Number of protein chains: 2
Amino acid sequence: MKSSLIELIEILEYKVQRYIEGFDTNVHPYDIAEILLELRDYDENIYLQELEKFPEDLKASVLIELPKQCHEEFVEHFTTNELADITNTLDTDDAAEFIRNIEEVDEDVAEEVLQNLPKEDRDNLETLISFGEYEAGSYMQTELFSAFIDEQVGDSIRRLKSLKAAKELDSVYQVYVINRKKIFLGSIPLEDLILLGPNVYYEELVKDGVNTVAVNALDDIHDVVEVASNYDMGVIAVVDSKGKLLGRITSDDIYDIIEDRATGQLYNLAGVSDEAEQEESLLNIGKHRAFWLGINLLTAIAASVVIGLFDTTLQSFVALAVLMPIVASMGGNAGTQTLTVTVRQMALGDISDDDAKKTIKKEVYLSLMNGSIFAVTIGLIAWVWFSIPLLGVVIAISMVVNLITAGFFGALIPLLLKKADIDPAVGSSVLLTTVTDIVGFFSFLGLATIILL
Amino acid sequence: MKSSLIELIEILEYKVQRYIEGFDTNVHPYDIAEILLELRDYDENIYLQELEKFPEDLKASVLIELPKQCHEEFVEHFTTNELADITNTLDTDDAAEFIRNIEEVDEDVAEEVLQNLPKEDRDNLETLISFGEYEAGSYMQTELFSAFIDEQVGDSIRRLKSLKAAKELDSVYQVYVINRKKIFLGSIPLEDLILLGPNVYYEELVKDGVNTVAVNALDDIHDVVEVASNYDMGVIAVVDSKGKLLGRITSDDIYDIIEDRATGQLYNLAGVSDEAEQEESLLNIGKHRAFWLGINLLTAIAASVVIGLFDTTLQSFVALAVLMPIVASMGGNAGTQTLTVTVRQMALGDISDDDAKKTIKKEVYLSLMNGSIFAVTIGLIAWVWFSIPLLGVVIAISMVVNLITAGFFGALIPLLLKKADIDPAVGSSVLLTTVTDIVGFFSFLGLATIILL
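Residues numbered from 1 in each chain as written. Chains lettered and ligands numbered in written order. Predicted model: local features only at pLDDT ≥ 70, side-chain atom pairs only at ≥ 80, totals over all residues. Heavy atoms only, no water.

Peer 1: Looking at this model, I keep getting lost on the domain arrangement of chain A. Mind explaining?
Peer 2: One widely used convention gives an interface's size as the accessible area the parts lose upon coming together. Per the domain assignment, the segments making up chain A are domain 1 (5-131), domain 2 (146-257) and domain 3 (274-451). Each of domain 2 of chain A and domain 3 of chain A has a C-alpha centre, and the two are 50 Å apart. (Domains from an automatic or database assignment.)

Peer 1: What should I look at first to understand empty space enclosed by the protein in this one?
Peer 2: A water-sized probe, rolled over the atoms, reveals where empty space remains. Inspection of the entire model under this criterion finds five cavities of 30 Å³ or more. Surrounding the second largest cavity, Arg289(A), Leu293(A), Ala334(B), Gln337(B), Thr338(B), Glu363(B), Leu366(B), Ser367(B), Asn370(B), Gly371(B), Leu403(B) and Gly407(B) form its lining. Elements that contribute at least two residues to the lining of the second largest cavity include exactly helix H16 (282-308) of chain A together with helix H18 (318-347), helix H19 (356-386) and helix H20 (389-419) of chain B. Sort the elements by how many residues they give to the lining of the second largest cavity and H19(B) lands first, with five residues. Grouping the amino acids of the lining of the second largest cavity by side-chain chemistry returns four nonpolar, six polar and two charged. (1 Å grid on protein atoms, 1.4 Å probe; cavity = no way out; pocket = protein on both sides within 12 Å on 5 of 7 lines; lining within 4 Å. Points joined across faces, edges and corners; volume = space filled by probe spheres on them. Helix = DSSP H or I, 4+ residues; strand = E, 2+ residues; numbered from the N terminus. Nonpolar A, V, L, I, M, F, W, Y, C, P; charged D, E, K, R; others polar.)

Peer 1: What am I meant to see in the UniProt feature "domain: Magnesium transporter MgtE intracellular" (unreviewed entry) in chain A here?
Peer 2: Mapped onto this numbering, the UniProt entry annotates "domain: Magnesium transporter MgtE intracellular" (unreviewed entry) at residues 27-136 of chain A. The span residues 27-136 of chain A is 79% helix and 0% strand, and its two end C-alpha atoms sit 31 Å from each other. (UniProt positions renumbered as here; feature names shortened; annotations may be inferred.)

Peer 1: Explain the packing of aromatic side chains to me, please; I cannot follow it from the model alone.
Peer 2: Working definition: an aromatic ring pair is given by the centre-to-centre distance plus the angle between the planes. On inspection of all chains with the given rule, the structure shows 18 aromatic pairs over all chains. Judged by centre distance (6.0 Å) and plane angle (55°), the rings of Tyr176(A) and Phe184(A) are tilted. Residue classification places Phe184(A) among the buried residues on the basis of a relative accessible area of 10%. Measuring from ring centre to ring centre gives 6.4 Å for Phe74(B) and Phe98(B), while their planes differ by 85°; the resulting arrangement is edge-to-face. Here Phe74(B), found in helix H5 (residues 68-77), pairs with Phe98(B), found in helix H7 (residues 92-105); they are 24 residues apart in sequence, far enough to count as distant. Of the two residues, Phe74(B) and Phe98(B), neither departs from the other in class, the shared state being buried. One aromatic cluster is present, formed by Phe74(A), Phe78(A) and Phe98(A) through successive ring pairs. Looking at Arg180(A), its charged tip hangs above the ring of Phe148(A), at a distance of 3.9 Å from the centre. (Phe/Tyr/Trp six-rings, centres within 6.5 Å; stacked < 30°, edge-to-face > 60°. Buried < 20%, exposed > 50% of the residue type's maximum accessible area, 1.4 Å probe, protein only. Lys NZ or Arg CZ within 6 Å of the ring centre and 35° of its normal.)

Peer 1: Help me understand the UniProt feature "transmembrane region" (unreviewed entry) in chain A, please; the structure alone is not making it clear to me.
Peer 2: All names here are of chain A. What UniProt calls "transmembrane region" (unreviewed entry) maps, in this numbering, to residues 290-310, 316-343, 364-386, 392-417 and 429-452. Structurally, residues 316-343 is divided into 96% helix and 0% strand, and its ends, taken at the C-alpha atoms, are 42 Å apart. Across residues 364-386, the secondary structure splits into 100% helix and 0% strand, with the terminal C-alpha atoms separated by 31 Å.

Peer 1: So what exactly am I meant to see when it comes to the sheet that holds strand S4 (residues 214-216) of chain A here?
Peer 2: What links the strands of a sheet is backbone hydrogen bonding, and the strands pair in either a parallel or an antiparallel sense. Residues and elements named next belong to chain A. Judged by pairing direction, the sheet is mixed, and its three strands sit side by side in the order S4-S5-S6 without closing on themselves. With partners counted over all chains shown, the strands left at the sheet margins are S4 and strand S6 (245-250), one partner each. Neighbour-to-neighbour, the strand axes of the sheet open up by a mean angle of 35°, direction not taken into account. Strands S4, strand S5 (235-239) and S6 of the sheet are contacted by helix H13 (residues 221-230), whose axis makes an angle of about 135° with S5. (Pairing = 2+ DSSP bridges. Axes fitted to C-alpha atoms, helices over the stretch in contact; angles between N-to-C directions. Contact = heavy atoms within 4.5 Å.)

Peer 1: What should I look at first to understand the interface of chain B and chain A in this one?
Peer 2: Counting residues at the interface gives 111 residues for chain B and 110 residues for chain A. A combined buried area of about 9500 Å² lies between chain B and chain A, and 64% of that area is made up of carbon and sulfur atoms. Taken together, the links from chain B to chain A amount to 10 salt bridges. We note a salt bridge from Glu191(A) to Lys164(B), for which the minimum N-O separation is 2.6 Å. Where chain B touches chain A, the interface holds 32 residue pairs in polar contact (both at pLDDT 80 or more). (Buried area = accessible area lost by both parts, 1.4 Å probe. Salt bridge = Lys/Arg side-chain N within 4 Å of Asp/Glu carboxyl O. Polar contact = N/O pair within 3.5 Å; in protein donor to acceptor, adjacent residues only side chain to side chain.)

Peer 1: Quick question: what am I supposed to make of the side chain of Thr263(B) here?
Peer 2: Position of Thr263(B) among the secondary structure elements: in helix H14 (residues 251-269). The contacts of Thr263(B), once residues within four sequence positions are left out, are Arg344(A) and Leu348(A).

Peer 1: Which parts of the structure should I look at to understand the pattern of salt bridges?
Peer 2: Side-chain pairs of opposite charge can arise whenever the charged atoms involved come near each other. Counted according to the given criterion, the structure contains 32 salt bridges over all chains. Taking the shortest distance from any N to any O, the salt bridge between Lys119(B) and Asp123(B) comes out at 2.5 Å. Here the residue Lys119(B) and the residue Asp123(B) both occupy positions in helix H9 (residues 119-129), the gap between them amounting to four residues, near one helical turn. On the basis of relative accessibility, which here comes to 52%, the residue Lys119(B) falls in the exposed class. Judged by its relative accessible area of 31%, Asp123(B) is partly exposed. Among the charged side chains, a network of salt bridges with common partners joins Glu13(A), Glu50(A) and Lys53(A).

Peer 1: Explanation requested: the packing of helix H18 (residues 318-347) of chain A against H18(B) in the structure shown.
Peer 2: Running from N to C, H18(A) and H18(B) point in directions that differ by 25°, and their axes come no closer than 10 Å. Relative to H18(B), the element H18(A) is oriented roughly parallel. For the crossing formed where H18(A) meets H18(B), the hand is right-handed. In this structure, H18(A) contributes Ala321(A), Met324(A) and Pro325(A) to the contact, and H18(B) contributes Ala321(B), Met324(B) and Pro325(B). Its residues assigned to classes, the contact of H18(A) with H18(B) shows six nonpolar, no polar and no charged. (Parallel < 35°, antiparallel > 145°, perpendicular 65-115°, else oblique. Left-handed = near helix turned anticlockwise from the far one by under 90°.)

Peer 1: Would you mind showing me how to read unusual backbone geometry here?
Peer 2: Trans peptide bonds make up the majority, and among non-glycine residues the majority have a negative phi. Residues and elements named next belong to chain B. Look at Ser 171: it is not a glycine, yet its phi comes out positive at around 40°. Note on placement: Ser 171 falls in the loop between helix H10 (153-165) and strand S2 (174-178). By relative accessible area, Ser 171 is classed as partly exposed at 34%. With phi around 65°, Asp 421 is a residue other than glycine that occupies positive phi space. In this structure, Asp 421 sits in the loop between H20 and helix H21 (428-451).

Peer 1: What's the story with the relation of the copies chain B and chain A in this structure? I'm lost.
Peer 2: Each of the two chain copies goes to the other by way of a rotation about an axis and a shift along it. With an RMSD of 0.0 Å, chain B superimposes on chain A once it is rotated by 180° and translated 0.0 Å along the axis. As the rotation angle and translation indicate, the two copies are arranged about a two-fold axis. Interface residue correspondence from chain B to chain A reaches 99%, placing this contact among same-surface, isologous pairings. (Least-squares fit on C-alpha atoms with pLDDT ≥ 70 in both.)

Peer 1: What am I meant to see in the pairing of S5(A) here?
Peer 2: In regular strands, side chains alternate between the two faces of the sheet. Residue and element names in this part refer to chain A. Among the five residues of S5, five are classified as buried, and the element is accordingly described as predominantly covered. Covered by surrounding structure in S5 are Val 235, Ala 237 and Val 239 together with Ile 236 and Val 238, the residues of both alternating faces. In terms of strand pairing, S4 meets S5 through three bridges, oriented parallel. Its bridge partner being in S5, Val 215 is matched across the sheet by Val 238. Chirality of the crossover, the property in question, places the unit of S4, H13 and S5 among those that are right-handed. Taken together, the five bridges between S5 and S6 define a ladder with antiparallel strand orientation. (Right-handed = clockwise from strand over helix to strand, strands pointing away.)

Peer 1: Just checking my understanding: could you explain the sheet that holds strand S4 (residues 214-216) of chain B for this structure?
Peer 2: Residues and elements named next belong to chain B. One open sheet accounts for three strands, arranged S4-S5-S6; its pairing is mixed. Of all the strands in the sheet, just S4 and strand S6 (245-250) have a single pairing partner and so form its edges. For this sheet, the mean angle separating the axes of adjacent strands, direction not counted, is 35°. Helix-sheet contacts for helix H13 (residues 221-230) involve S4, strand S5 (235-239) and S6, and the interaxial angle to S5 is about 135°.

As structure tokens, this is what we get:
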């Protein structure tokens, strides 16, 4: 049941009120963002008016839960000063994302917003923005709790107190130990600090062994996910190439990255762009889908040209036209099975570069196994259906040929794409079905021409 | 470059040595598990001999990083006593998983291992094992740091110290406040404890507002992922239906659940079973793939029967046999685009039950748009290719019809499956291509019979 506009506004204002009063009602900015989005479906002006009334910090917390197109509306609706205030309230990683989204609408506004920030924050954000979309640096937040190795625990805790009092730091979890040159030496869980007296020096703690796992800001973000997930880390330190501590990546970002990568793979395998699908304009979504449909049209025409080579054979045996889609369809399906498994296992790191031969061998075995079973099945069916024994032989042979082709190319194509540094999910489905269609039609009609005519 | 067997053993023993000495070398049980798996590829006996030499706690930590089939080997290789020791060293969530895996090999052994555990641990594990595969309870660990609401911070910290000294607790992150009936009242980040004196009562802290978000042990694990990801939580409390605190789910489990769900969707859409693909036996993998290939064979034959209805038409115009796969292929592709986007957005919670109509409408618009473009394109191509203007008209009309069908059913099928409480990723591709193949062939050949004959 959808709520009416008036109900929505009431719910929204009630939740905002409870949020402002304190955390005890379980109201999270995410919930407020969800209601705002419903409101936006009704009326964009009312939605912006309501948002306008929020206190500055709530505006910022809600903003970061809203989809990108809303960020773009913010740019048109708020003044540069207001945008700068919002940016300033956000955690650095979220602030960088917001500035990047503003940049996409209007680079000048983004620049003005940056100029409106205190010098230190501006420099900080400019560094974050300079990282590439897939680099660890663009996901890190620079807010963290660090301590010097020659410091006493008590002194660092006093600093933590003032950071917390200034509300500059959330979800601390651990202390990052650095030397005076800011080189990262290891992380210590907060619980260990609680158990120690204030007079212990970090030096002694580090001697007992600390977790020194960190990622480089230039690392591919998917490698960071691997590290976090293999080593069961909720938060991960980010350093530069000299080992200087720059920031940290938290579990909520890791969740998003894992989901986004999976969505990207699913969409790319289906010939859909994950970025375009997030847009609101049907025209843009349609254009991106049309691209892959267009490629598919070309490959389908290529397959038709192959069929056209055998038009005299087809004229003599209409049964061939009836049966020919079966071979192509089975090849396409078997190939998609292989392709999907290979692409996914490569992404999860279960297939390394050494394993190329092993993977192809496995898939060819599997397709030989299933190819034989379905060859016999369809051979018998075709024989009985059309009472032509040799027709059964033709379709059986071409079924085996096409299923082996499917297994071989289903594994080879993503492996080759990756070797060429191309995302193995992009375009591989179309390439594969081109192969299975052409091999399917050619082997079936070709064999028929030789054996039946 | 693969390492030789001797090199592998040397690397393994070196890493194990470093691990035992302390954490400072960044050796994680995951790394040791990876080397062991390589070793296992060479020789299963040497791998088990090496594993045998590990200290008990390393055995346990490595075990949980190894795939399921290794757990099954453990059952055959170790005595019940050893298995019980390993189980006892694991965190409760990992221990429950291990017992479940033992159960799959031999229920009696699992029962014996449980009987070998101290009574309290046994009861605890039996509760965890009783949860279903997709229930939050089967992912939680019962190790956590809780404090009573009428307690002073200092007293709870003394308890934490003894828990840590007994190595019973890792990654504490927060304190869970409960009343004397163990009812969960809220969680407080550890950092807040550090900043308070030991004499503060939890009562006062809770008054200032605490995070009361918790999930029910019977909740679907994917709903838990939604909560963690929407509310940016690294750890999440689990309660029973009366609100009693039972355990917590940590970010490393959330990572795995997100990855596994995505893999499941990708595989299911491609007609592959994610569980079977993890097995080592090619026969088992092949059998599961053959199931969906078999279903596909049936639907391909159904499509052929449709083609067979028009054999006289095909005999008069071989051009129809040449062109007919194009219509079916485009329908299949457009439908897969729609299907994939719908399935994924449903899983991510972006399409709610209210949105069914909206989703279908959007997809039909999109397919109408692209259908028109490709109808004109292929119409012109067919006309020029075969010099029959009416053939262009036939293929153009059937292209629009099939692409609209693809958009409509691509959205409808997963929505209906979900309504019937069936995973919308399972079987939907086959259902869809059956529709697009049959509608494609029928509309094209049917129209041709009416217009061209």
